[in-house]
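# Structural overview for review
The lines below spell out each chain.
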Amino acid sequence: MDRVTDVAAAMESTVESLLGVLESARLAQSPAVPPAQLRVLTIISRGPHTNMSRLAEALDVVPSSASRLCDRLEATGLLRRVPDPRDRREVRLLLTPTAQRLLEDLRERRRSALAEVLERMSPASRQELVRAMAAFDAAAGPATATGDEDGLRSA
């Protein structure tokens, strides 16, 4: 498998498996949070000074779409909007303790689901996987690191 396109195809298949494991963990979450709302929570959790325009930019949507997502999250008690102490014209988006617990529970559930799969691999294969992923991450560089976080880069 020396051709880059063959490697890309194999990697795409592997990523599909990875996404399946992560999605199963998300679906087991209660209450269930839709992926778009989960992404909003993840973005806000990483940026302590997130306002509506920064959120819209991170989501690559218009501010009114970001605002509607925030409306839903606020209605479910996962998000609060507060005046920004540095500029009262701005509104800062903050996670509630419930949202913080929800994200932590999801991280734990995802790690547990991944650990179940990794346990089925040999220690040498796991080490090789870590090296390969680190090399891919380095090659991808900051241009593609705009996602979440991920531990949860994309929610």
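Residues numbered from 1 in each chain as written. Predicted model: local features only at pLDDT ≥ 70, side-chain atom pairs only at ≥ 80, totals over all residues. Heavy atoms only, no water.

### Observations concerning the environment of Met52
Here Met52 shows up in helix α3 (residues 52-59). Residue classification places Met52 among the buried positions, given a relative accessible area of 18%. In sequence terms Met52 and Leu93 are 41 residues apart; their C-alpha atoms lie 7.3 Å from each other. Residues contacting Met52, with those up to four places away along its chain left out, are Pro63, Ala66, Ser67, Cys70, Arg81, Val91 and Leu93. (Helix = DSSP H or I, 4+ residues; strand = E, 2+ residues; numbered from the N terminus. Buried < 20%, exposed > 50% of the residue type's maximum accessible area, 1.4 Å probe, protein only. Contact = heavy atoms within 4.5 Å.)

### A look at the confidence of the model for the protein chain
Looking at the protein chain as a whole, the pLDDT averages 87, with 91% of positions reaching at least 70. By mean pLDDT, the top-scoring element of the protein chain is helix α4 (residues 63-75) (95), and the lowest-scoring one is strand β3 (residues 149-150) (44). For residues 145-155, every residue scores under 50 in pLDDT, and the model assigns this stretch 31 contacts once sequence neighbours within four places are set aside. (pLDDT = per-residue confidence, 0-100.)

### Notes on the pairing of strand β1 (residues 79-84)
The side chains of a regular strand alternate, first on one face of the sheet and then on the other. Of the strand pairs in this sheet, β1 and strand β2 (residues 87-95) are connected by 6 bridges, and their pairing is antiparallel. Within the sheet, the bridge partner assigned to Val82 lies in β2 and is Arg92. Count of turn residues in the β1/β2 antiparallel hairpin: 2 residues. (Pairing = 2+ DSSP bridges.)

### Notes on the pattern of salt bridges
Under the counting rule described, the total for this entry stands at 8 salt bridges. Residue Asp6 pairs with Arg3 through a salt bridge whose shortest N-O separation is 3.5 Å. Between Asp84 and Arg86 there is a salt bridge, and its shortest N-O distance comes to 3.6 Å. A cluster of three or more residues bridged by salt bridges with shared partners is formed by Asp71, Glu74 and Arg81. (Salt bridge = Lys/Arg side-chain N within 4 Å of Asp/Glu carboxyl O.)

### Observations concerning helix α2 (residues 35-46)
An ideal rise of 1.5 Å per residue puts 16 Å on 12 residues; α2 measures up with 17 Å between its terminal C-alpha atoms. All buried positions along α2 are accounted for by Gln37, Leu38, Val40, Leu41, Thr42, Ile43 and Ile44. (Expected span 1.5 Å × (residues − 1).)

### As for the packing of α2 against α3
Interhelical geometry of α2 versus α3 gives an angle of 120 degrees and a closest axis separation of 11 Å. As the angle between them shows, α2 and α3 are arranged oblique. In this structure, α2 crosses over α3, and the sense of that crossing is right-handed. In contact with Arg39, Val40 and Ile43 of α2, α3 contributes Leu55, Ala58 and Leu59. (Axes fitted to C-alpha atoms, helices over the stretch in contact; angles between N-to-C directions. Parallel < 35°, antiparallel > 145°, perpendicular 65-115°, else oblique. Left-handed = near helix turned anticlockwise from the far one by under 90°.)

### A closer look at the side chain of Asp84
Locating Asp84 in the fold gives a position in strand β1. When its relative accessible area of 5% is taken as the criterion, Asp84 is described as buried. When residues no more than four places from it in sequence are discounted, the contact partners of Asp84 are Glu90, Val91 and Arg92.

### Considerations on the nonpolar core
Ranked by internal contacts, the top residues of the largest apolar core, which has 22 residues, are Val40, Leu41, Leu55, Leu59, Cys70 and Leu93. Those elements that provide at least two residues to this core are α2, α3, α4, β2 and α5 (97-119). Among the elements that take part in this core, α2 stands out by supplying 5 residues, more than any other. Excluding residues that lie within four positions of it along the chain, Leu93 makes contacts with Ile44, Thr50, Asn51, Met52, Leu55, Cys70, Leu79, Arg80 and Arg81. (Core = buried A, V, L, I, M, F, W, Y, C linked by side-chain atoms within 4.5 Å.)

### A closer look at a nonpolar patch on the surface
Judged by side-chain polarity, Met11, Val15, Leu19 and Phe136 come together as a nonpolar surface patch covering roughly 340 Å² of accessible area. No other element matches helix α1 (residues 4-27), which puts 3 residues into the nonpolar patch. Its relative accessible area of 33% is what places Met11 among the partly exposed residues. (Patch = residues over 30% accessible without salt bridge, like charges linked within 9 Å, V, L, I, M, F, W, Y side chains within 5 Å. Areas by Shrake-Rupley, 256 points an atom, 1.4 Å probe, with all protein chains shown as cover.)

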